[in-house]
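Chain residues, written in single-letter form:
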Amino acid sequence: MNTMDTHPDVLVVGGGIAGIAAACAATARHAHVMMIERNAYPGGKATAAFVGTLCGAYLNGNAPDPSYFQHGFTADFVDQLAHMSAQRPVHHQRGLWFLPYERDAFLALSNTLLSNHGVHVLYNTDLTGLTCDEGKIQSVDISSWGKKQTLFPRYIIDASGHAATSLLTTVDTITSEVYQAAAQVFEWKNLNNQDEFSCSLTLNRHLRQGIENKIISTDYRRISLIPGTYRQNGAFFKLGIAYPVSDHPDEQQKENKIIRDALQQITQYLRSASPEFTELKLGFIAPEIGVRTGPRNKGKYILTEQDVLTGKKHSTFIARGAWPVEFWHFNKNPEFHFLMDSDWYEIPAESIESDRFSNLFFCGRTLSAEEKAIASARVMGICLQTGYAAGVLAAGQLHGRSRQQDMETIQALFPNPPA
Ligand SMILES: Cc1cc2nc3c(=O)[nH]c(=O)nc-3n(C[C@H](O)[C@H](O)[C@H](O)COP(=O)(O)OP(=O)(O)OC[C@H]3O[C@@H](n4cnc5c(N)ncnc54)[C@H](O)[C@@H]3O)c2cc1C
């Protein structure tokens, strides 16, 4: 093993959408980047839980075509994903735009980007420990197929989705008494409805009847069609999970079995309940249950729900968002709180910089934010932006560039004011 392998300039923990953006941004700025990912493939929630649509990349509004919040890496990623998925952005309620995507396209794009940027990726590799001293993380322990190793990265970007770095130290994390409800994404094939709308109506009616007649458990009453995914007589659905679920795939085994059995049972019931569903078949079931939120790293600034809903701006902004606060409860329908029309909020650099370790950045859904603020900022278009910024700032510090200079580089990618 050579020195570059044990002393990377930047270590990215987690190969989800935020980690991919961070790693590509840092390598593009001549940093030697290593990424560790505990799954055997990249994409995080986008592939493992296959959430189905990419939200938060486009400005809200009623213009006939969508426009991006941020040009450069974010817009290129989404454009390529649209092209590879053979999809176009969909215009939804209250002026929101989002992109339905194909899972294989997401995997292929992530693999290509990581390889073209020369990111050294270690799959099936977990962060297991770290040491810190003098306000810095000094070393990290990783484990790959039971083989342990210590690395000495100069900078670390935590893109783990759940504060994997901070949880291994004694520093505070941002926690919540109740996190948002998780969901299992799955596909039903051979739907025989006219369109997405009529499919949802028929499904809801029969589910309600099944629950009233005690054929289906009330635990499974929250099944919804993922907008924009209805095609070729098949569609993707989300089954809301009525109890807390661990974010670690190894710890989801028991729930996986229960949910798969329940999906079989619900499919059988629907087949007999409606002529539109007589041929219904279960298709793809996402390998992981999608856990929306968990503990987050605490930064120099904590993004608040009020910042989001009042469209707060920051001179040090590195990302913009306008996605509503979308809070998924365990036992009732999700809550949506929208920003003012055409407004947006800004995420400051201080929300991706650790308040304790000068060489630690974070991004994506483990950004420094309150639970209700992350209910907006966790969407993938915003994860791309915070990931990209973390990569630029880490590489900038590595090469001794000023933070101000890097922030100006990032801010130049945003149309100002967004049009
Ligand atoms: C059910 C559900 C529906 C959603 N719907 C949408 C939607 O429609 N549109 C949208 O834009 N967003 C949606 N989201 C949100 C979005 O998918 C996520 O917030 C986003 O993908 C998070 O990206 P990330 O890179 O920050 O984290 P993640 O995707 O969680 O990636 C983190 C990665 O880190 C790895 N990792 C974790 N710990 C370690 C460790 N110790 N060592 C090594 N690797 C580690 C994980 O395996 C994972 O690959 C949804 C989320 C869920 C759960």
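Residues numbered from 1 in each chain as written. Predicted model: local features only at pLDDT ≥ 70, side-chain atom pairs only at ≥ 80, totals over all residues.

**Description of unusual backbone geometry**
Piece 1. A positive phi is found at Asn124, a non-glycine position, where the angle reads about 50°.
Piece 2. Position of Asn124 relative to the elements: it lies in the loop between strand S6 (120-122) and strand S7 (125-133).
Piece 3. For Asn124, a count of 13 C-beta atoms within 10 Å corresponds to the partly exposed category.
Piece 4. Phi at Ala163 is positive, roughly 55°, even though this residue is not glycine.
Piece 5. On the basis of neighbour counts, which here come to 25 C-beta atoms within 10 Å, the residue Ala163 falls in the buried class. (Helix = DSSP H or I, 4+ residues; strand = E, 2+ residues; numbered from the N terminus. Buried ≥ 20, exposed ≤ 12 C-beta atoms within 10 Å, placed from the backbone.)

**Structural notes on the environment of Gly294**
Piece 1. Note on placement: Gly294 falls in the loop between strand S15 (281-285) and strand S16 (296-297).
Piece 2. With 10 residues separating them in the primary sequence, Gly294 and Thr304 have C-alpha atoms 16 Å apart.
Piece 3. Apart from the residues lying within four places of it in its own chain, the contact partners of Gly294 are His162, Tyr179 and Asp247. (Contact = placed C-beta atoms within 7 Å.)

**Observations regarding the domain arrangement of the protein**
Many analyses report the size of an interface as the accessible area lost when the parts associate.
Piece 1. Entries for the protein in the domain assignment read domain 1 (3-176 + 294-411) and domain 2 (183-285).
Piece 2. Summarising the inter-unit geometry, the C-alpha centres of domain 1 and domain 2 are found 30 Å apart.
Piece 3. When its residues are assigned to classes, the side of domain 1 that touches domain 2 shows eight nonpolar, seven polar and no charged. (Domains from an automatic or database assignment. Nonpolar A, V, L, I, M, F, W, Y, C, P; charged D, E, K, R; others polar.)

**Focus: the environment of Thr128**
Piece 1. Position of Thr128 among the secondary structure elements: in strand S7.
Piece 2. Overall, the presence of 14 C-beta atoms within 10 Å leaves Thr128 in the partly exposed class.
Piece 3. C-alpha separation for the pair Thr128 and Ala164, spaced 36 residues apart in sequence, amounts to 8.7 Å.

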